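# Analysis of the macromolecular model
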Amino acid sequence: MTSSAPHLAWNIDPVLWQIGPLAIRWYGICFAAGILLAYRLGRRVLEAEGVSRREIDRLLGHLVAGTVIGARLGHCLFYDPQFYLIHPLEILFVWRGGLASHGGVVGILIALWLFARRTSWSYLWLADRIALVVPLAAACIRVGNFFNSEVIGRPAAVPWAVTFLRVDGQPRHPAQLYEAMFYLLTQVTVLIAYRRTPIGRRPGALLGLVLVAIFSFRFLIEFIKEPQSPFEANLLLDLGQLLSIPAIAAGIILIYRSHAREVMRRSRVPPEVAP
């Protein structure tokens, strides 16, 4: 990495270490770090609510599988379906890159549903607790995208612009870092809300809050990001924005319904009898 005023020139090799066909990539390290940090934080939250370590580890297995499978299928089906329909075995080669966050969210929600069905736990209760740690994992993944010089922003003249030398010589918005910083801010916000407000006792509210925050930002930041696939160049809204709209809508519905249930619950509480 070298720097030259007024912007940063980024030329880090995505491969940290390689021996023959075995390669350790910065993206893989960031992805694993995100999973590990989210697990540690989630374990503290769930153990404080009486969940055993054994059940937490079982849940982690479901979530990791759901995240990877969902993110990979999301990329293959949303961004380059023609290639993967012709070469279906390429879907299995996750190490070659190509994970979509929207698909990862769907994969997590399906994995949670399967786990809740097997354990008879409340699906919304589980989803709320997992939503508490998702922004942390998402931030680490975006840092991995930065190391890969991918998911780049459009050309920019701002002082903090970055030139991704593995892409071209133009200073650009470091869109990956914008997202990572916002996700960390979201992480802090939802933890404070969980610990200091009644939102954690309203099923669906935490999940709704995270969906609205993350995908509203994702919708907005797409305006300064380069298209991920050539077919997006002629679209009024790119695919990331189109996929964010239903996620935002789902989050708003969850927040509204959680509030409505709370209002109904309070209305059913009999007034205190005056002495």
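The text that follows walks through the structure, step by step, so that each part is easy to find. (Residues numbered from 1 in each chain as written. Predicted model: local features only at pLDDT ≥ 70, side-chain atom pairs only at ≥ 80, totals over all residues. Heavy atoms only, no water.)

## Topic: the pattern of salt bridges
As enumerated under the stated definition, the model contains 10 salt bridges in all. Between glutamate 179 and arginine 142 there is a salt bridge, with the nearest N and O atoms lying 3.0 Å from each other. Taken together, the positions of glutamate 179 in helix α7 (residues 175-196) and arginine 142 in helix α6 (residues 134-147) put the pair 37 residues apart, joining distant regions of the chain. For the pair shown, glutamate 179 and arginine 142 are each scored as buried. The residue arginine 172 makes a salt bridge to aspartate 168 at a minimum N-O spacing of 2.5 Å. With relative accessibility at 22%, the residue aspartate 168 sits in the partly exposed group. Members of the salt-bridge network, linked through shared partners, are Arg142, Glu179, Arg218, Glu222 and Lys225. (Salt bridge = Lys/Arg side-chain N within 4 Å of Asp/Glu carboxyl O. Helix = DSSP H or I, 4+ residues; strand = E, 2+ residues; numbered from the N terminus. Buried < 20%, exposed > 50% of the residue type's maximum accessible area, 1.4 Å probe, protein only.)

## Some words on unusual backbone geometry
Its identity as a non-glycine residue notwithstanding, serine 149 has a phi of 55 degrees, on the positive side. Looking at the element boundaries, serine 149 is found in the loop between α6 and β5 (162-164). Located in the positive-phi region is valine 151, a residue other than glycine, with phi close to 55 degrees. Relative to the assigned elements, valine 151 resides in the loop between α6 and β5.

## Thoughts on the packing of helix α5 (residues 123-131) against helix α8 (residues 205-221)
At a minimum axis distance of 7 Å, the contact between α5 and α8 shows a crossing angle of 45 degrees. Overall, the two elements α5 and α8 adopt an arrangement that is oblique. For the crossing formed where α5 meets α8, the hand is left-handed. Across the interface between the two elements, Ala127, Asp128 and Ala131 from α5 touch Ala205, Leu206, Leu207 and Val210 from α8. (Axes fitted to C-alpha atoms, helices over the stretch in contact; angles between N-to-C directions. Parallel < 35°, antiparallel > 145°, perpendicular 65-115°, else oblique. Left-handed = near helix turned anticlockwise from the far one by under 90°. Contact = heavy atoms within 4.5 Å.)

## A short note on the side chain of glutamine 176
With respect to the secondary-structure elements, glutamine 176 resides in helix α7. Among the polar contacts listed, one links the side chain of glutamine 176 to the backbone oxygen of glutamate 150, at a separation of 2.8 Å. Not counting the four nearest positions on each side in its chain, glutamine 176 is found in contact with Arg142, Asn145, Phe146, Glu150, Val151, Ile152 and Phe164. (Polar contact = N/O pair within 3.5 Å; in protein donor to acceptor, adjacent residues only side chain to side chain.)

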